[in-house]
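Understanding the architecture of this molecule
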Amino acid sequence: SSAGPLPQGCRLISILQFLRRQQVLQLYRRILRALRDVPAEADRRHLQEWAREEFRRNKDATEEVSSGDSIFVFQDAIRMMITQGHMQLRELQKALKLAKS
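Quick caveat, the model's predicted, so the values are computed rather than measured. (Residues numbered from 1 in each chain as written. Predicted model: local features only at pLDDT ≥ 70, side-chain atom pairs only at ≥ 80, totals over all residues. Heavy atoms only, no water.)

The next thing to look at is the overall build of the chain. The helix and strand inventory of the chain stands at three helices and two strands. For the chain, the succession of helices and strands along the chain, N to C, is α-α-β-β-α. Accessible area of the chain: about 8,300 Å², with a carbon and sulfur share of 54%. (Helix = DSSP H or I, 4+ residues; strand = E, 2+ residues; numbered from the N terminus. Areas by Shrake-Rupley, 256 points an atom, 1.4 Å probe, with all protein chains shown as cover.)

Written out as structure tokens, the structure reads:
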């Protein structure tokens, strides 16, 4: 039994897309949480805005690129951005830890 057509504006996403989205949201939250420890308010605000802008800028990144009738999947692009984000988060955490000591 089919559930029928999806309401206008709705779309199904793959499990991979769902998992990637969860990874991105988790990274975003972890970065914003880490930025709470930046002691100078002006620096903290600047870094928060930078993080938000980076995520906004890449929000339309997709792992699928259509070309004619074929769809090519580029799973490495988003995975690479997530990996870079985690590396930047670790560097931020190290810098904040050093600043406290």
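Still more to cover.
Given a rise of 1.5 Å per residue, 21 residues ought to cover 30 Å, and the 30 Å separating the end C-alpha atoms of helix H1 (residues 15-35) matches this to within 8%. Along H1, the positions that sit buried rather than exposed are Arg-20, Leu-27, Ile-31, Leu-32, Ala-34 and Leu-35. The buried side chains of H1 occupy one side of the element, clustering within an arc of 160° when seen end-on. (Expected span 1.5 Å × (residues − 1). Buried < 20%, exposed > 50% of the residue type's maximum accessible area, 1.4 Å probe, protein only. Arc of directions from axis to C-beta.)

A few words now on helix H2 (residues 41-57). The terminal C-alpha atoms of H2 lie 24 Å apart, and with 17 residues this matches the ideal 24 Å at 1.5 Å per residue to within 8%. Where H2 is concerned, the buried positions are Arg-44, Gln-48 and Ala-51. The buried residues of H2 occupy one face: seen down the axis, they fall within an arc of 65°. Across from the buried face of H2, at angles greater than 90 degrees, the exposed residues are Ala-42, Arg-45, His-46 and Arg-57.

Right, let's talk about the environment of Leu-92 for a bit. Along the polypeptide, Leu-92 turns up in helix H3 (residues 75-100). We classify Leu-92 as buried; its relative accessible area is 18%. Residues Leu-92 and Ala-34, 58 residues apart in the sequence, show an inter-C-alpha distance of 7.7 Å. Those residues in contact with Leu-92 that lie beyond four places of it in its chain are Ala-34 and Leu-35. (Contact = heavy atoms within 4.5 Å.)

It is worth spelling out the nonpolar core at this point. Among the nonpolar cores identified, the biggest contains 10 residues, and these are Leu-27, Ile-31, Leu-32, Ala-34, Leu-35, Val-38, Ala-51, Leu-89, Leu-92 and Leu-96. Residue assignment for this core shows that the elements contributing at least two residues are H1 and H3. Looking at this core, the element that brings in the most residues is H1, giving five residues. Contacts of Ala-51, omitting those with residues within four sequence positions, involve Tyr-28, Ile-31 and Leu-35. (Core = buried A, V, L, I, M, F, W, Y, C linked by side-chain atoms within 4.5 Å.)

Below, the discussion takes up the packing of H1 against H2. Put simply, H1 and H2 touch, their axes get as near as 10 Å, and they point 170° apart. Judged by the inter-axis angle, H1 sits roughly antiparallel to H2. Contacts from Val-24, Leu-27, Tyr-28, Ile-31, Leu-32 and Leu-35 in H1 reach Arg-44, Leu-47, Gln-48, Ala-51, Arg-52 and Phe-55 in H2. In the contact of H1 with H2, the residues fall into nine nonpolar, one polar and two charged. (Axes fitted to C-alpha atoms, helices over the stretch in contact; angles between N-to-C directions. Parallel < 35°, antiparallel > 145°, perpendicular 65-115°, else oblique. Nonpolar A, V, L, I, M, F, W, Y, C, P; charged D, E, K, R; others polar.)

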